[in-house]
Amino acid sequence: MEAEQLKRLERKESAHIAEILDEFNKKNAELLVFDSFHTDNQWHELWLAIFGILEDKELEKVHALCLNTVRILTRDEFSLQTHYIEQELGTLLQLARLDAQADVELLRQLSAQQAEIIAEALKCLCNLVYQSADCRKQCLRQHGLDALVQRLSLASSMRYPTTLEYYDMKLLFLLTALETTARVRLQNELSGLTYMTNWLDEKLSEPGLLQSKEQQQLLCELLKVLFTLTSTTDKSPNEQELQCLQLTRVLRELLLHFGDQPSSRGVLTHAINLLTNINSSCLVELLIKCNPVDASDDVNCFEQRNVRCLQLLLDYLRQGLAQQQLEASSPELLSPVLTVLVKCARSNRIMRHYLRKQILPPLKDVSQRPELGTELRNHLCRFLTLPAMILRDLAAELIFVLCKENVARMIKYTGYGNAAGLFAKRGLLDCRRVENTDYSSDSENSDTEEYKQQQACVNPVLGCVEQPKRNPLEGMSEEQQEYEALQLVKLLEQLRQDGVVQPALIDKDGKPQPLEHILQLQEQRKS
């Protein structure tokens, strides 16, 4: 900005303010590097000039433009940390109607200009809270959190613009996610989890929710706030259990509400993220009793329970797998839904039975390896050998739980080779039985006639029928066979010394122990 333009702003020349700011805002709309503003203290001078205009009520018609400029300036983290802006933060809270003197009732009759000013002020506050820990603390000292919660509590009765609700919720999320004291205060002193759960329940009953992109964006921010509140809590176990039960019931309705809407994947993503924080014992609320009259005709009815929510979680997983194949997206994006499925399978017998039916149906064709194919079992088996630890461990955990932690059953569905990582981690490489498992004793024999006919030919390491191969030692004399065996030992020892491979023995605890020399394998065989 030229020196003469800056002087005109400082003198509040109303005839030129709009033109100067409009030019500046368009030119710097995408600005992220502010090195040129640090010379001659230009950033601070422009900052003070803009706030001089904002504090003049007679210049209200250009306040939205001023706040647009402030929003650009608040991207400069260096300047925010090197200048004291407590007074300016107070001005922004006042313009956003979040100061202690704000009259909430005035939001009922906002003009378009006033709504735009509030929205721009909220955007500036979001930037400041995100960029500066000092700004977050100042916002709390000036009772910004209390005013924000009070306003949101009246949102349904006032019906003020959805855009303002969205930025209110975005500001609340940033405060609670980045400032521990704000999160604790909202949770303990302002009954945040109970209040926000009820607010979500009210939102789901509003008409036109499925068609409104703005409303769905608002729901996403609300779900993010609930995620921060459920990440840590100081509530008593009983109180926390009651709150989580109610929240899970509302999330069940949300899943049913948005589950069939392809355009609502963002809402489902945040709802699933939130479910990862819910106590496993509360996830049973995702199931509801089937109507006895229609149970026989309801495709979602399984063992007298409506499992539509579980089916939606599986559909979400399938869509994520398809997207991952097309776009090579990060595999960790699937970890939340796998986490929820593991918790569901562990927490409830009916859930486990249904998930096993969908993910590990009775085997019929075992002609190809379990990691080949497009079914959920095939995808999960491929995950078992991924370098991405989170996804690998979750996939292994889910399959193992669906197999009721039965080693032989997991080998049947995945092959010993794919499951070896889990077995090594749990000390099960010797295929011992897992002790102290808490599963129902009902029989779940999944051996079909087709599988029984091929069972004797199945290679348990590969998990499929292995085609006959020619014996490589065929036609060799005993001396030649002994020579080839010694050559193999030498090669393995060289690979061990070079650190390429690390041969191991299975100890008495069922875990691998590194070998000091490859010949120890022969010693173990003799013993």
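Up top is the structure these notes are about.
Since this is a predicted model, take the numbers as computed values, not measurements.

Trainee: Would you take a moment to explain the packing of aromatic side chains for this structure?
Mentor: What describes a pair of aromatic rings is the distance from one ring centre to the other and the angle between the planes of the rings. With the rule as written, the count across this model stands at 7 aromatic pairs. Geometrically, the ring pair formed by W47 and F51 is tilted, given 4.8 Å between the ring centres and 45° between the ring planes. Linking W47 with F51, this pair stays in helix α3 (residues 42–54), spanning 4 residues, or about one helical turn. When its relative accessible area of 0% is taken as the criterion, W47 is described as buried. Taken together, the aromatic side chains of F24, F34 and F37 make up a single cluster linked through ring pairs.

Trainee: Would you explain the packing of helix α12 (residues 180–189) against helix α14 (residues 213–231) in this entry?
Mentor: The geometry of a pair of packed helices is captured by two quantities: the angle between their axes and the separation between those axes. α14 packs onto α12 with a crossing angle of 90° between their chain directions and a minimal axis gap of 10 Å. Viewed along their axes, α12 and α14 adopt a mutual orientation that is roughly perpendicular. Here R183, L186 and Q187 of α12 come into contact with α14, specifically with V225, T228 and L229. Looking at the contact of α12 with α14, its residues break down into 3 nonpolar, 2 polar and 1 charged.

Trainee: Help me understand helix α25 (residues 478–497) in this model?
Mentor: Helical geometry note: an α-helix holds 3.6 residues per turn, so side chains three or four residues apart project in the same direction. Helix length check: α25, at 20 residues, gives a terminal C-alpha distance of 29 Å against a target of 28 Å (1.5 Å per residue), a fit within 8%. Trailing α25 by a residue or two, G499 shows a phi angle of about 80°, which is positive.

Trainee: Help me understand the nonpolar core in this model?
Mentor: Ranked by internal contacts, the top residues of the largest apolar core, which has 154 residues, are L172 and F423. Of the residues forming this core, the biggest block, 11 residues, is contributed by helix α7 (residues 112–131). Non-local contacts of L172, meaning those with residues more than four positions away in its chain, are made with L145, L148, V149, L152, L186, M196 and V225.

Trainee: Can you help me understand the state of the cysteines in this one?
Mentor: Two cysteines, two sulfur atoms, one covalent bond between them: this is a disulfide. Evaluation of the coordinates by the stated rule reveals 1 disulfide. Disulfide pairing places C290 opposite C301 at an S-S distance of 2.3 Å. Measuring the twist about the S-S bond at about 130°, one finds the C290-C301 disulfide to be right-handed. Highlighted residues: C290 in the loop between β1 (288–289) and β2 (301–302) and C301 in strand β2, separated in sequence by 11 residues. The buried category is assigned to C290, whose relative accessible area is 9%.

Rules used in this analysis
- Residues numbered from 1 in each chain as written.
- Predicted model: local features only at pLDDT ≥ 70, side-chain atom pairs only at ≥ 80, totals over all residues.
- Heavy atoms only, no water.
- Phe/Tyr/Trp six-rings, centres within 6.5 Å; stacked < 30°, edge-to-face > 60°.
- Helix = DSSP H or I, 4+ residues; strand = E, 2+ residues; numbered from the N terminus.
- Buried < 20%, exposed > 50% of the residue type's maximum accessible area, 1.4 Å probe, protein only.
- Axes fitted to C-alpha atoms, helices over the stretch in contact; angles between N-to-C directions.
- Parallel < 35°, antiparallel > 145°, perpendicular 65-115°, else oblique.
- Contact = heavy atoms within 4.5 Å.
- Nonpolar A, V, L, I, M, F, W, Y, C, P; charged D, E, K, R; others polar.
- Expected span 1.5 Å × (residues − 1).
- Core = buried A, V, L, I, M, F, W, Y, C linked by side-chain atoms within 4.5 Å.
- Disulfide = S-S within 2.5 Å.

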